[in-house]
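Structural overview for review
Below are the chains, spelled out letter by letter.
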Amino acid sequence: MTGKVKNKNKKKSQAAAVWRRLKKNKMAVLGLIILAVIIFFAVFADVFFDYETLVIQQNASLKLQPPSVEHWLGTDEVGRDILARIVHGARISLPVAFATIAIATVVGGLLGAIAGYGSRRVDDVIMRVMDIFLAIPSILLSIALVSAMGTSVTNMMLAISISNIPPFARIVRSAVLTIKNEEYIEAARAIGASDKRIILKHILPNCMAPSLCRPRYPSPGPSWPLPASASSAWASARPRRSGVLWSAPAAVFRAAWWVCAFPGFAIMLTILSLNLLGDGLRDALDPKLKN
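1. Quick notes on the pattern of salt bridges
Tallied over the full model, the rule gives nine salt bridges. Here arginine 128 and aspartate 124 are joined by a salt bridge, their closest N and O atoms 3.7 Å apart. Here arginine 128 pairs with aspartate 124, and both are found in helix α6 (residues 120-134), just four residues apart, close to one helical turn. The exposure class of aspartate 124 is partly exposed, given its relative accessible area of 31%. A single salt-bridge network, built from bridges that share partners, covers Arg120, Asp124, Arg128, Asp131 and Arg170.

Structure (structure tokens):
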């Protein structure tokens, strides 16, 4: 009983230490605030903007209106409010993006840890499969998977996750190769710890710092930030419901700059907040940077 209480207190103290180091990083706090504001507006989108009248109802008299007091970010080619569509679109894009990152991190991390810690044959099999997926551009692989499985939020989320698993696996594998021969790993083996326990309790926690930087660089080749890819893919599948505006014709973009500028800025701001927060978490979790 005493041991469990000590473990709980230790975990709380570790979490408090991570939070304390994170708060010292002003840019990470800024990223957290920006992300919190974006999530707040996405959660309460119905409170601020009516979905039926502003997002999906078309009004020819309001076609391509520039930013004004009535429509802060202007209107699109069929008279829908751009700000309302961005906010409601975030309700789909953000959960898909976060779920995609979580799936790719967990699955890719486990595969990378097994490849790095396992035998040479296991490593070769896993990494050659990852190389096959890496040979295909991520966006093309995602489109192909969605086309094969069908256009839905779940299928799109799985497709983007699958295309992002190989890079995560390679990052974790490289980290595992550098730490699997450390003294604390040898000590765990000496006291009879199983491979499963060593991977889950000792190796993966020490690979978290490099993995947290992974959402900034989703794939080699054509780099496409994950929140942007989630928004674009969903907009291509069902543009009217998502609220994201990437499905508008190119001619509309040339005639009305605000139709693409503001949605693009919203995606850029989301990615920036994730970058800043990811860098801060990496520094806060890295045991070599403790102070």
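2. Let's talk about the packing of aromatic side chains
Within the structure shown, the criterion is met by six aromatic pairs. Seen from their ring centres, phenylalanine 41 and phenylalanine 48 are 5.0 Å apart, and the 45° between their planes marks the pair as tilted. Among the residues examined, phenylalanine 41 registers a relative accessible area of 34% and is labelled partly exposed. Through a chain of ring-to-ring contacts, three or more aromatic side chains come together here, namely Phe40, Phe41, Phe44 and Phe48.

3. Let's talk about helix α2 (residues 26-43)
Spanning 18 residues, α2 covers 26 Å between terminal C-alpha atoms, matching the ideal 26 Å at 1.5 Å per step. Every buried residue of α2 is listed here: Ala28, Gly31, Ile34, Leu35, Ile38 and Ala42. For α2, the angular spread of the buried residues around the axis is 125°, confining them to a single face. Between the side-chain oxygen at the start of α2 and the backbone nitrogen of methionine 27 there is a gap of 3.2 Å, and the oxygen is on asparagine 25.

4. Observations concerning the side chain of aspartate 76
Along the chain, aspartate 76 turns up in the loop between α4 (51-56) and α5 (82-117). Looking at aspartate 76, its side chain comes within polar contact range of the main-chain nitrogen of arginine 80, at 2.7 Å.

5. Side note on a nonpolar patch on the surface
A surface patch of nonpolar side chains, amounting to about 860 Å² of accessible area, comprises Ile33, Val37, Ile39, Phe40, Phe41, Val43, Phe44, Val47, Phe48 and Phe98. Secondary-structure elements contributing two or more residues to the nonpolar patch are α2 and α3 (45-48). Ranked by residue count, the leading element in the nonpolar patch is α2, at six residues. Topologically, phenylalanine 44 is positioned in the loop between α2 and α3. Accessibility expressed as a relative area gives 39% for phenylalanine 44, which makes it partly exposed.

Conventions and cut-offs
- Residues numbered from 1 in each chain as written.
- Predicted model: local features only at pLDDT ≥ 70, side-chain atom pairs only at ≥ 80, totals over all residues.
- Heavy atoms only, no water.
- Salt bridge = Lys/Arg side-chain N within 4 Å of Asp/Glu carboxyl O.
- Helix = DSSP H or I, 4+ residues; strand = E, 2+ residues; numbered from the N terminus.
- Buried < 20%, exposed > 50% of the residue type's maximum accessible area, 1.4 Å probe, protein only.
- Phe/Tyr/Trp six-rings, centres within 6.5 Å; stacked < 30°, edge-to-face > 60°.
- Expected span 1.5 Å × (residues − 1).
- Arc of directions from axis to C-beta.
- Polar contact = N/O pair within 3.5 Å; in protein donor to acceptor, adjacent residues only side chain to side chain.
- Patch = residues over 30% accessible without salt bridge, like charges linked within 9 Å, V, L, I, M, F, W, Y side chains within 5 Å.
- Areas by Shrake-Rupley, 256 points an atom, 1.4 Å probe, with all protein chains shown as cover.

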